[in-house]
Amino acid sequence: MIKDARILYVDLNTKTTEVKTLDAETYRKYPGGSALGLYLMLKEMDPKVDPLSPENMLIFSVSPLTGIPISGQSRMCVTTKSPLTGTVGDSQVGGFIPAVVKANGWDAIVLKGKADKPVYLYIEKDKVEIRDAQHLWGKITGDTEDALIKELGHDKFESSIIGPGGENMVSYAAIMHRRSRANGRNGVGAVMGSKNVKALVVRNARPVVPEDQAGMKTLTLNVKERMAANDTIVDTALNGSAGCVDGHAAEGFLPSYNWEKGMMDDWIKTAGTTITETVLKKRETCFGCAIRCKGVVEIPGKADPEYGGPEYETCATFGCYCGNTDLGDICQANQLCNMYGIDTISCGATIAWAMDCFEKGILTAKQTDGLELKFGNGKVFEELIKKIARKEKGIGELLAKGSAAAAKTLGKEAEDLVVACKGQEWPAHMVQFKPNLALNYAANPFGADHQSSEHDPALMAPDDDQNWLWPNMLDTFEKCDSYGILDDNKARFAYATQKFYAMMDTLCLCQFAWGPAWQLYGPKELVEFCKYGIGWDTSVEELQEIGERRINMMRLFNQKLGFSRKDDILPKKAFLPVEYAEGEIAQITPQQFEDTLTTYYRYAGWDVETGNPTPETIKRLGLEWV
Amino acid sequence: MLVTINKKETQLEEGMTVSQLLQLRNLRKAAVWINGKQLMLADYESWKIQEGDNIKLLRIMAGG
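What counts and how
Numbering of residues starts from 1 in every chain and runs along the sequence as written. For naming, the first written chain is A and the first written ligand is 1, with later ones following in the order written. Per-residue local features of the predicted model are confined to residues with pLDDT of at least 70, and side-chain atom pairs are confined, for both listing and counting, to 80 or more; whole-chain, interface and lining totals are unaffected and use all residues. The helix and strand labels rest on DSSP assignments: H or I over at least four residues marks a helix, E over at least two residues marks a strand, and numbering proceeds from the N terminus. What a helix is expected to span follows from its residue count: subtract one and scale by 1.5 Å. Residues are called buried when their C-beta atom has 20 or more other C-beta atoms within 10 Å, exposed when it has 12 or fewer, and partly exposed otherwise; all C-beta atoms are positioned from the backbone. For the domains described, the bounds stem from an automatic or database domain assignment. Residues are treated as contacting if the C-beta atoms built from their backbones sit within 7 Å of each other. The classification used treats Ala, Val, Leu, Ile, Met, Phe, Trp, Tyr, Cys and Pro as nonpolar, Asp, Glu, Lys and Arg as charged, and all other residues, Gly among them, as polar. Definition of nonpolar core: a set of buried Ala, Val, Leu, Ile, Met, Phe, Trp, Tyr and Cys residues joined via C-beta atoms within 7 Å. Two strands qualify as a pair provided that DSSP identifies no fewer than 2 bridges between them. Axes here refer to lines fitted to C-alpha atoms; in helices the fit is confined to the stretch in contact. Angles between the N-to-C directions go from 0 to 180 degrees. The quantity known as pLDDT measures the predictor's confidence residue by residue, on a range of 0 to 100.

All names here are of chain A. An ideal rise of 1.5 Å per residue puts 16 Å on 12 residues; helix α2 (residues 33-44) measures up with 17 Å between its terminal C-alpha atoms. Within α2, 10 of the 12 residues are buried, which leaves the element mostly enclosed by the surrounding structure. Listing the buried residues of α2 in full gives G33, S34, A35, L36, G37, L38, Y39, L40, M41 and L42.

Given below as structure tokens:
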């Protein structure tokens, strides 16, 4: 069963700590991760605070399932108010620190206030210390980790660290773990920097033990066979997420040249299969996970293995978004972002937008400090990323704002080239190919996100395929037999699967291992995991409601800031026609989008005029207190 | 044999199964319609493509 949550509060103003508990009954409604973070923020913080002020809260949270040895359970959520979007902020990381936070007996760590000088937080079970970090300030992530190892005299700890990007409060700064894993999105690293917190350091501890070990074995013992029987997981284990470059390119939906086209010549040079065949050194994993999707690359003089390797999104943003086919430049950009602690999606996408502006004469060489920001010129990445991380006056300072805010300083022509929702740059999945993502990108409370609903192709799968069977455990859908379809069926699919993904971000589950379509484990196995792992008798329905509650809390947070339907919009480029591989055209229209958004709101129980939860929905989810 | 795949006429070897066709086109995961009827996954291995078949293939691409 779900037990009381143990929450560590750190007041950086007074350098004091306090332990609080959240009773089990309440915790069951907001069981960890994003939902717990939101619960605490909505109870204790005015949403109107400046994201970079001491009044903003920064919450690291895991879940009752975190650390129980099975694939895909070691994730940690950061919840805050985002400096990039001005909305609720939410970002997830994998690796080992989530399991270690839980093994130390904590469900959440809440940072409030601002330290008067740089500090890091050291946690060893109930021993919590706020330590001086002035000697670490200014260091890149890897050097910080090395200095911590030297200072502590051992490496038996896990850490979440900001680099210069976070210190300088770049709007899309990340919090880095093990140099290559990131709470990447929404600028959570900038919030950590604004608090003068360089790192969260947690001593290793004995792993959590499941409630029913024999039961857990029914899920874990056959994992090799389960993986081998799942083509998508086989590909993920072989090529990592970068394998998506191959698939998207083959279909003609590889977002290229700042989203002008769905294809880039010579894309194969940046493909996941090419990475595997040429520069891949090894694959790494997260705590307890059998998939091992995390690629580590090595290119002498360009990419050091300690900084991992590019995921699909990074291959795309620094590759096709920028018209760049040089894999070395992509790997180097990935490394620099990880060293300086900035989000590879927003950074690459913002550079692609700047290239588009440069090509059209909106940005001139004088404004770019002489850098030739032409599509295809990946040689500018190194200098640009450093300038951005340091917020250097000129092009660095401009691009550190993110594309949407930067465009506002340049005028309408520049704004028309931005591909972002609520100020967050789009991840690399084209809405012409996966139209349900148009709804998700636009309506998602923390901006465009590719991991907040299942992707459309599941609706094309054969009747006896898990890709079709699992989503239909959540609702009843109609089959779809072509790309580019945005209709009521997609609206239903978008919301039903968004609830599931929101629940996974609450229970801190990896969306490659757990999910409602192609993943290693599905909804039925998740119910079993809850039972065997912690003795929680739950159901798919309860899990869906947990996800729905989390989405609605986010909408309510944003509502208090004046967000509404007027903000659930798509950029102009979303409506461009895309000629895909078969020579056909895929396109969604503004009218289709608006009509389907209305249907999506109806499924969600939100007012169709405002997009805000109706009183009935608020009551049904027990959110009258918000 | 001559078939139509995604509206394009294509020559395939006689007796080719759906699984072999997907392998040929490097499609690890796909939905398949033959003459308007969607096949079950369990049929891919044994289903033999016939001369003149109208085939539709769509890649099932996940997120990531």
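A few words now on the domain arrangement of chain A. All names here are of chain A. Domain annotation for chain A reports domain 1 (5-203), domain 2 (223-425) and domain 3 (436-620). In this structure, domain 1 and domain 2 have C-alpha centres spaced 25 Å apart. Opposite the 36 residues of domain 1 that make contact, domain 2 presents 31 residues. For the side of domain 1 that touches domain 2, the elements supplying multiple residues, two or more each, are α4 (141-152) and α5 (164-167). In terms of residue count, α5 provides more of the side of domain 1 that touches domain 2 than any other element does, 3 residues in total. Each residue belonging to the side of domain 1 that touches domain 2 can be placed in one class, and the counts come to 14 nonpolar, 20 polar and 2 charged.

Here the focus is the interface of chain A and chain B. Taken residue by residue, the interface counts 25 residues in chain A and 18 residues in chain B. The set of elements that each furnish at least two residues to the side of chain A that touches chain B consists of α9 (231-239) and α10 (243-251) of chain A. For the side of chain A that touches chain B, the leading source of residues is α10 of chain A, giving 5 residues. Taken together, the residues that form the side of chain A that touches chain B break down as 8 nonpolar, 9 polar and 8 charged.

The next thing to look at is the nonpolar core. Judged by nonpolar contacts, the single largest core of 224 residues is most densely connected at V110, V201, V245, I342, I385 and A438 of chain A. Not counting the four nearest positions on each side in its chain, I385 of chain A is found in contact with A333, L336, C337, Y340 and C347 of chain A.

This part takes up the sheet that holds strand β4 (residues 76-81) of chain A. All names here are of chain A. The 6 strands are arranged β2-β1-β6-β3-β4-β5 in an open sheet whose pairing can be described as mixed. Unpaired on one side and paired on the other, β2 (16-22) and β5 (88-93) mark the two borders of the sheet. Across the sheet, the mean angle from the axis of one strand to that of its neighbour is 20 degrees, orientation sign disregarded. Bridge count between strand β3 (residues 58-61) and strand β6 (residues 108-112): 4 bridges; the pairing is antiparallel. Opposite I59, over in β6, you have V110 as the bridge partner. In the packing of α2 onto the sheet, contacts are made with β1 (5-11), β3, β4, β5 and β6, and the angle to β4 comes to roughly 30 degrees.

Right, let's get into the confidence of the model for chain B. All names here are of chain B. Confidence along chain B averages 94 in pLDDT terms, with 97% of residues attaining 70 or more. Here strand β5 (residues 54-59) stands out as the element of chain B with the lowest mean pLDDT, 94, in contrast to strand β4 (residues 37-38), whose mean of 98 is the highest. Both scores are available for the predicted complex, with the pTM at 0.97 and the ipTM at 0.96.

Quick look at the pairing of β2 of chain A now. All names here are of chain A. With 0 of 7 residues buried, β2 lies mostly on the surface of the structure. Where β1 and β2 come together, 7 bridges link them in antiparallel fashion. Among the inter-strand pairings, L8 is bridged to a residue of β2, identified as V19.

All names here are of chain A. Read across the open sheet, the 6 strands follow the order β8-β7-β12-β9-β10-β11; overall the sheet is mixed. Two strands close off the open sheet at either side, each with one partner strand: β8 (127-132) and β11 (181-183). Neighbour to neighbour, the strand axes of the sheet diverge by 20 degrees on average, direction disregarded. In this sheet, β11 lies alongside strand β10 (residues 175-177) in antiparallel orientation, the contact comprising 3 bridges. When the bridges of β11 are listed, H177 appears paired with R181. Of the strands in this sheet, β9 (157-161), β10 and β12 (197-203) are in contact with α4, which crosses β9 at around 145 degrees.

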